[in-house]
Amino acid sequence: MTTAFVLSGGGSLGAVQVGMLQALGMCGIQPDLLVGTSAGAVNAVWVAQHGMSPASLAELGNIWQQLHRRDIFPVRATHVLGGFLGHAPAISSSEQLGELVRSHSSVDDLAEAVIPVHALATDLLTGRAVLISSGSPSDAVRASAAIPGVYPPVRLGDCWLIDGALATPAGVSHAVQLGATQIYALPAGVPCALASAPRSALGVALHAFSLLIQQRLSTELVHPPIGATIHLLPPLCPMTVSVADFGHAAELIDRSRHASTRWLEEGGPDLPHPARFLSLHSHGHTAP
């Protein structure tokens, strides 16, 4: 049996996956391979290098708790103006994200990681899914997280790559193709209970992408690939934290760990129709 963890994107809600990982680790569930997209690629690349020990996941949690929006999305007037005038492909830079990954990497090549890891990106010109399984960990994460218009595309080899959330399928099928027979899908979730709609361009873009990610994963699980048993850890609900708000990581990790532990203890992995946990909904309508 080959077990894969598939971690989707979700901006600041990537902290939710740390709690999920901690719950899985406490139950002795370990990955033989990892597939990560965007924020999920950050977590997947960490686990691939540092493992699933309590100390490793506690350190990953500490990293999330120390992050601020400006550390990940440094929006500057020069970038915004350059994008508006056609002189820059994005309003922000992914260099600080790359440096974050690089400063915590123990290998220079993904292929050297303790656990095989694959970052999912999208070919900008063809739209095809691209799995990055070797090369620089920081470049792989930057490519997988390159939200169009927010981060610039990343050139790897002959391809210009953007966020893997745009790729089809969403990651579960790739894990099956890589030989997984047991798959644990870890969605970051969506802010289903915001008090008001996002007001900034960055906030709107990130929120829209979180909805896209959840819909892509839901579609894939409604008609799951043949050859593997899929277990979906339910995302947190209600969720009142914006995808662009990095100030609630400790709360999200703790809440997710408890919810995921309860799900595991109550036989969650064997519940039918896991895609129902991903149905889009709200807890009251909001207006701009």
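Scroll up to find the structure.
Every chain's residues receive numbers from 1 upward, in the order its sequence appears when written. In keeping with the predicted nature of the model, local features appear solely for residues at pLDDT of at least 70, side-chain atom pairs appear and are counted solely at 80 or more, and the whole-chain, interface and lining totals rest on all residues. To obtain the side-chain values, all non-hydrogen atoms of the structure were used and water was disregarded.

Trainee: I would appreciate a short explanation of the side chain of H174 in the present structure.
Mentor: Mapped onto the elements of the fold, H174 is located in helix α8 (residues 172-177). Taking relative accessible area as the criterion, H174 reaches 8% and is therefore assigned buried. Under the DSSP-based scheme used, a helix requires at least four consecutive residues in state H or I and a strand at least two consecutive residues in state E, with every element numbered from the N terminus. Exposure is judged per residue with a 1.4 Å probe applied to protein chains only, and the accessible area is read against the type maximum: over 50% gives exposed, under 20% gives buried, and values in between give partly exposed.

Trainee: Please explain empty space enclosed by the protein as it appears in this structure.
Mentor: Remark: the empty space left among the atoms is shown by a probe the size of a water molecule rolled over them. Grid points spaced at 1 Å over the protein atoms alone were grouped into cavities, where a 1.4 Å probe fits but cannot get out, and pockets, open sets with protein on both sides within 12 Å along at least five of seven lines, with lining residues defined by an atom within 4 Å of a point. Grid points are joined across faces, edges and corners, and a volume is the space filled by probe spheres set on the points. Evaluated as defined, the whole model comprises four cavities of 30 Å³ or more. Roughly 340 Å³ of internal volume is contained in the largest cavity. Lining the largest cavity are 31 residues, and of these S38, A39, V42, W64 and L97 lie nearest its centre. Elements with a minimum of two residues in the lining of the largest cavity: α2 (39-50), α3 (54-66), α6 (95-103) and α9 (201-222). Ranked by the residues each element gives to the lining of the largest cavity, the list is headed by α2, at six residues. Looking at the lining of the largest cavity residue by residue, the classes come out as 21 nonpolar, nine polar and one charged. Size it by volume and the second largest cavity reaches roughly 80 Å³. Surrounding the second largest cavity, V6, S8, G9, T37, L120, G164, A165, A170, I213, R216 and L217 form its lining. Charged means Asp, Glu, Lys or Arg here, nonpolar means Ala, Val, Leu, Ile, Met, Phe, Trp, Tyr, Cys or Pro, and polar covers whatever is left, Gly included.

Trainee: Would you explain the nonpolar core in this entry?
Mentor: Among soluble globular proteins, nonpolar side chains are generally buried collectively. Residue types Ala, Val, Leu, Ile, Met, Phe, Trp, Tyr and Cys, when buried and joined through side-chain atoms within 4.5 Å, form a set referred to as a nonpolar core. Ranked by size, the top nonpolar core spans 73 residues in total, and within it F5, L21, L24, L34, W64 and I132 carry the most contacts. Of all the elements, α2 adds the most residues to this core, at eight residues. Every residue in contact with F5, bar those within four places of it in the chain, is listed here: L21, L24, I29, Q30, P31, L33, L34, V35, M52 and Y184. In what follows, a contact means two residues having at least one pair of non-hydrogen atoms within 4.5 Å.

Trainee: In this structure, what is going on with the layout of surface pockets? I would like to understand it.
Mentor: Taken as a whole, the largest pocket holds about 310 Å³ of empty space. With five residues, helix α10 (residues 249-265) is the largest single contributor of residues to the lining of the largest pocket. The residue inventory of the lining of the largest pocket, partitioned by class, reads 10 nonpolar, four polar and three charged.

Trainee: What exactly am I supposed to notice about unusual backbone geometry here?
Mentor: Leaving glycine aside, a negative phi is the common case for residues, and trans is the common case for peptide bonds. Look at the link from T168 to P169: it is a cis peptide, with omega at 0°. Tracing the backbone shows P169 in the loop between β6 (159-163) and α8. The linkage connecting C237 with the following residue, P238, adopts the cis geometry, with an omega of 0°. Here P238 lies in the loop between β8 (229-232) and α10. Notably, S38 is not glycine yet its phi reads approximately 55°, a positive angle.

Trainee: Is there a simple way to think about the pattern of salt bridges in this case?
Mentor: By salt bridge we mean one thing: a side-chain nitrogen of Lys or Arg within 4 Å of a carboxyl oxygen of Asp or Glu. Applying the stated criterion across every chain yields a total of five salt bridges. For R142, the salt bridge identified is with E95, shortest N-O distance 3.4 Å. Residue R142 is found in helix α7 (residues 137-144), and its partner E95 is found in helix α6; the two are separated by 47 residues along the sequence. Take R142: its relative accessible area is 12%, and that puts it in the buried class. The partner of R142 in a salt bridge is D139, with the nearest N and O atoms 3.2 Å apart. Note that R142 and D139 are positioned in helix α7 at a spacing of three residues, about one turn of the helix. Taken together, the salt bridges that share partners define one network made up of E95, D139 and R142.

Trainee: Just to check I follow, could you spell out the pairing of β6 for this structure?
Mentor: Along a regular strand, successive side chains alternate from one face of the sheet to the other. Among the five residues that make up β6, four are buried, leaving the element largely enclosed by the rest of the structure. Strands were regarded as paired on the criterion that DSSP finds at least two bridges between them. Pairing of strand β3 (residues 117-123) with β6 involves three bridges; the strand directions are antiparallel. Bridge pairing links A121 to D163 in β6. As paired strands, strand β5 (residues 154-156) and β6 are joined by three bridges and run antiparallel to one another. Directly across from L156, in β6, lies its bridge partner C159.

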